[in-house]
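So the chains spell out like this:
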Amino acid sequence: ERPMRVLVMGDSFMTTNATAKQSFPHALSELLQTNVKSKATTGARHLYALPITGMLGMNISKQYRPGNWDYVVMNGGGNDLWMGCGCGKCTRVMNKLIASNGRKGAIPSTILRARRDGAKVIYVGYLRSPGRGSPIERCKPAGDALESRIQKLAALDPGVTFVSLSDMVPHGDASFHAFDMVHPSPKGSAAAARLVMSAIKSNPS
C-alpha cells in the first residue's frame, strides 16, 4: 500500500514554527506517518495581482501542483481580508474570494482544481483570538462570514471538508498562539493538525 499523498497550501498559519520543525505540515506528517509536501507561503493571499511574486507562492492558487494527491489541505483568506481591506468594508473582497452561496470565486476555483485531479480537499478555518487583545479581534465578523461561505461550499461536495478552529482555543488561553497573538504556537499547530487528521479519518480517500 503506497503512502498517503498530501499537499498543504496556504499562508503563514501553515508556515509558522517551520524552522523548529513544529509547523502544521510537520505535525500532520508525523500524525499521518507520511511525507507531507507544503507549498504554503507566509503572507499569501487568494487574490494576488502581481504576477511575478504570485508565481512565487504569494498567490495561493498558484501554490497548487497537479499530482496524484489523496488530500489537499489548504487555508487562506485572512490576509485578503485583514491586510487587503482592513476587515472593515470587505464585501467586495469577500465576494471575490467566495460568493455568498459558496459556488464562485477564488477559493472555490482553487478547490475545484484539486478535486478535478481526484484529491479530497480539507479547508482549514482561521485561528481565533483567545480573547486576549489580538490585533485581529475586530476582524471576527468578517472571518465568521468567510467561513460560513466555505461551509456552504463544503456542503455541496462530499469530497470537501471544512475544519473549523473556532472551538480549538479555550477563552483566555494564550498557549495556542505565538507571541504576536495571531499565529499559532507549536501547540496550536499540532492541535490543528490533530483536527485535520480526524477529518481525514472520517472521510477516507
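Scroll up to find the structure.
Residues numbered from 1 in each chain as written. Predicted model: local features only at pLDDT ≥ 70, side-chain atom pairs only at ≥ 80, totals over all residues. Heavy atoms only, no water.

## Focus: helix H8 (residues 186–202)
For step 1, the next point in the chain: Look at H8: 25 Å from first C-alpha to last across 17 residues, which is about the 24 Å you get at 1.5 Å a residue.
For step 2, the next point in the chain: Within H8, burial applies to Gly188, Ser189, Ala191, Ala192, Ala193, Val196, Met197, Ala199 and Ile200.
For step 3, the next point in the chain: In this structure, the buried side of H8 is in contact with helix H1 (12–15), helix H2 (24–32), strand E3 (71–74), strand E4 (120–124) and strand E5 (160–163). (Helix = DSSP H or I, 4+ residues; strand = E, 2+ residues; numbered from the N terminus. Expected span 1.5 Å × (residues − 1). Buried < 20%, exposed > 50% of the residue type's maximum accessible area, 1.4 Å probe, protein only. Contact = heavy atoms within 4.5 Å.)

## Quick look at the layout of surface pockets
For step 1, the next point in the chain: Roughly 340 Å³ of internal volume is contained in the largest pocket.
For step 2, the next point in the chain: In terms of lining residues, the largest pocket is bounded by 23 residues, among which Asp11, Phe13, Gly78, Trp82 and Tyr126 are the most central.
For step 3, the next point in the chain: Elements with a contribution of two residues or more to the lining of the largest pocket: H1, helix H4 (78–85), E4 and helix H7 (140–156).
For step 4, the next point in the chain: In terms of residue count, H4 provides more of the lining of the largest pocket than any other element does, 4 residues in total.
For step 5, the next point in the chain: Classifying every residue of the lining of the largest pocket gives 12 nonpolar, 9 polar and 2 charged.
For step 6, the next point in the chain: Taken as a whole, the second largest pocket spans an internal volume of roughly 180 Å³.
For step 7, the next point in the chain: Looking at the second largest pocket, the residues that line it are Gly102, Arg103, Gly105, Pro108, Ser109, Ile111, Leu112, Arg115, Leu153, Leu156, Asp157 and Val160.
For step 8, the next point in the chain: Of all the secondary structure elements, the ones that give two or more residues to the lining of the second largest pocket are helix H6 (106–116) and H7. (1 Å grid on protein atoms, 1.4 Å probe; cavity = no way out; pocket = protein on both sides within 12 Å on 5 of 7 lines; lining within 4 Å. Points joined across faces, edges and corners; volume = space filled by probe spheres on them. Nonpolar A, V, L, I, M, F, W, Y, C, P; charged D, E, K, R; others polar.)

## Some words on the pattern of salt bridges
For step 1, the next point in the chain: Within this structure, the stated rule accounts for 4 salt bridges.
For step 2, the next point in the chain: Across the pair Asp70 and Arg2 runs a salt bridge whose closest N-O atoms are separated by 3.0 Å. On the criterion of sequence distance, the pair formed by Asp70 in the loop between helix H3 (51–58) and E3 and Arg2 in the segment before strand E1 (6–9) is long-range, its members being 68 residues apart.
For step 3, the next point in the chain: On the accessibility criterion, Arg2 (37% relative accessible area) is partly exposed.
For step 4, the next point in the chain: Salt-bridge contacts for Arg115 lead to Asp157; the nearest nitrogen and oxygen are separated by 2.8 Å. (Salt bridge = Lys/Arg side-chain N within 4 Å of Asp/Glu carboxyl O.)

## Things to note about the nonpolar core
For step 1, the next point in the chain: By size, the foremost hydrophobic cluster in this structure holds 30 residues, and its most contacted members are Val72, Leu81, Ile111 and Leu146.
For step 2, the next point in the chain: For this core, the secondary-structure elements that each account for two or more residues are E1, E3, H4, helix H5 (91–97), H6, E4, H7 and E5.
For step 3, the next point in the chain: Per-element tally for this core: the top contributor is H7, with 5 residues.
For step 4, the next point in the chain: Leu146 has contacts with Gly76, Gly77, Leu81, Met94, Leu97, Ile98 and Ile107, leaving out every residue within four places of it along the chain.
For step 5, the next point in the chain: In this structure, Val36, Met168, Ala193 and Ile200 belong to the second largest nonpolar core, which totals 27 residues. (Core = buried A, V, L, I, M, F, W, Y, C linked by side-chain atoms within 4.5 Å.)

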